[in-house]
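# Overview (structure and organization)
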Amino acid sequence: IKETISCKPFLRLCGATFLIFNGFQTIAQFAFFIIIFYLFNGDTVAAGGWPAWFGTASAMATAFLVIPVVTAISTRVGKRNAFIIATLISMVGYVLKWWGFNPANPYLMFLPIPLLSFGIGGLFTLMMSMTADVCDLDELNNGTRREGTFGAVYWWMVKLGTAMAFLTSGAVLNLVGYDVDAATQTMETMTKMRLADIIIPIIFGALAIVIMMKYDVTEA
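Below: a short report on this structure. (Residues numbered from 1 in each chain as written. Predicted model: local features only at pLDDT ≥ 70, side-chain atom pairs only at ≥ 80, totals over all residues. Heavy atoms only, no water.)

Of the regular secondary structure elements, the protein holds 8 helices and 0 strands. Reading the protein from its N terminus to its C terminus gives the helix and strand order α-α-α-α-α-α-α-α. Relative to its length of 220 residues, the protein is compact, with a C-alpha radius of gyration of 19 Å against a globular reference of 17 Å. Overall size of the protein, expressed as C-alpha extent along the three principal axes, is 60 × 35 × 25 Å. Sequence-distant contacts in the protein: of pairs separated by 6 or more residues, those separated by 24 or more amount to 80%. Entry remark: accessible area of the protein is about 11100 Å², with carbon and sulfur atoms responsible for 68%. (Helix = DSSP H or I, 4+ residues; strand = E, 2+ residues; numbered from the N terminus. Rg over C-alpha atoms; globule rule 2.2 N^0.38 Å. Contact = heavy atoms within 4.5 Å. Areas by Shrake-Rupley, 256 points an atom, 1.4 Å probe, with all protein chains shown as cover.)

Here it is, written out as structure tokens:
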């Protein structure tokens, strides 16, 4: 860890990953609760497979839309700028969630998914590539190849973010007033949860962009 934290570009990659992934993981389960308790008022039978389809559509959008698009963008404007663009696109998607979750038309939940997917999809598409660049830079500066160390520390950060997200998610659910034993949730609780579902990843994404603004490893 001591060896890797001396590399400032790598610290920026870790910080941005921690923020984006932690923000995503914190609210990841909220969509399930919103679908069940906001769209279908606690009726799990009526909700059926809607939560599963929401997750499936997100995964497919990441695989077949985000990865090719982000790759193309990065070759034109550079990886740092591609990361910033992808994060901004995902933030627009989070805002669209406010209108996407509509009890009158459940199909609208799929509207923001293509934009939302740019967050995580762009993150791991670009961060893996930028970590490899950092390994090259480190070898250039120090004469030794340490990609194993960089990889280990990077994924430790990801796991740390996951663990903290579970704690944060529970705290947020408690703050919004979610009642685990209730068959339905109050409208106030659902409004607060929907706002948290949008605001938390946007704040974390904005902080990640600030961190990456000074990432200066280029092709040259």
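This part takes up the nonpolar core. The biggest cluster of nonpolar side chains holds 34 residues, and the ones touching the most others in it are Phe10, Phe83, Met127, Met130 and Met212. Put simply, the parts of the chain that give this core at least two residues each are α1 (8–27), α4 (50–77), α5 (79–100), α6 (113–142), α7 (147–176) and α8 (187–212). Setting aside anything within four residues of it in sequence, one finds Phe10 in contact with Thr4, Thr131, Val134, Phe150, Val153 and Tyr154. In this structure, Phe30, Ile113, Val172 and Ile198 belong to the second largest nonpolar core, which totals 29 residues. (Core = buried A, V, L, I, M, F, W, Y, C linked by side-chain atoms within 4.5 Å. Buried < 20%, exposed > 50% of the residue type's maximum accessible area, 1.4 Å probe, protein only.)

Before going further, it helps to spend a moment on the side chain of Thr17. Relative to the assigned elements, Thr17 resides in helix α1. In this view, Thr17 contacts Asn22, Leu123, Phe124, Met127, Tyr154 and Val158; residues no more than four positions away in its chain are not counted.

Another point: the packing of α4 against α5. Where α4 contacts α5, the two axes come as close as 9 Å, and the packing angle between them is 145 degrees. Note that α4 runs across α5; the crossing there is right-handed. Residues Phe54, Val70, Ile73, Ser74 and Val77 of α4 touch α5, and the partners they reach there are Lys79, Asn81, Ala82, Ile85, Ala86 and Lys97. Within the contact of α4 with α5, the residues separate by chemical class into 7 nonpolar, 2 polar and 2 charged. (Axes fitted to C-alpha atoms, helices over the stretch in contact; angles between N-to-C directions. Left-handed = near helix turned anticlockwise from the far one by under 90°. Nonpolar A, V, L, I, M, F, W, Y, C, P; charged D, E, K, R; others polar.)

With respect to the helices and strands, the residue Val217 is situated in the segment after α8. With 207 residues separating them in the primary sequence, Val217 and Phe10 have C-alpha atoms 9.8 Å apart.

Turning to the packing of aromatic side chains, a few remarks are in order. In total, this model carries 11 aromatic pairs according to the counting rule given. A centroid spacing of 4.8 Å and a plane angle of 80 degrees characterise the contact between Phe10 and Phe150, whose relative ring orientation is edge-to-face. You can see Phe10 sitting in helix α1 and its partner Phe150 sitting in helix α7, a full 140 residues away along the chain. Each member of the pair, Phe10 together with Phe150, is buried. With a centroid separation of 5.6 Å and 75 degrees between ring planes, the pair formed by Phe21 and Phe124 is classed as edge-to-face. Pair noted here: Phe21 is in helix α1 and Phe124 is in helix α6, with a separation of 103 residues, a long-range link. When its relative accessible area of 13% is taken as the criterion, Phe21 is described as buried. Members of the aromatic cluster, each reached through a chain of ring pairs, are Phe21, Phe124, Tyr154 and Trp155. Above the ring of Trp98, the side-chain terminus of Arg194 is found at 4.0 Å from the ring centroid. (Phe/Tyr/Trp six-rings, centres within 6.5 Å; stacked < 30°, edge-to-face > 60°. Lys NZ or Arg CZ within 6 Å of the ring centre and 35° of its normal.)

The next subject is the pattern of salt bridges. Going through the model one piece at a time under the given rule, you end up with 7 salt bridges. Among the salt bridges present, the one from Arg145 reaches Glu147, with a minimum N-O distance of 3.2 Å. On the basis of relative accessible area, Arg145 is assigned to the partly exposed category, the value being 40%. Note on Glu147: relative accessible area 41%, which makes it partly exposed. (Salt bridge = Lys/Arg side-chain N within 4 Å of Asp/Glu carboxyl O.)

Looking now at a nonpolar patch on the surface. On the surface, a nonpolar cluster with roughly 640 Å² of combined accessible area is contributed by Val95, Trp98, Trp99, Leu195, Ile199, Ile203 and Leu207. Mapped onto the nonpolar patch, the elements with two or more residues apiece are α5 and α8. For the nonpolar patch, the element with the most residues is α8, which contributes 4 residues. Within the element layout of this structure, Val95 appears in helix α5. (Patch = residues over 30% accessible without salt bridge, like charges linked within 9 Å, V, L, I, M, F, W, Y side chains within 5 Å.)

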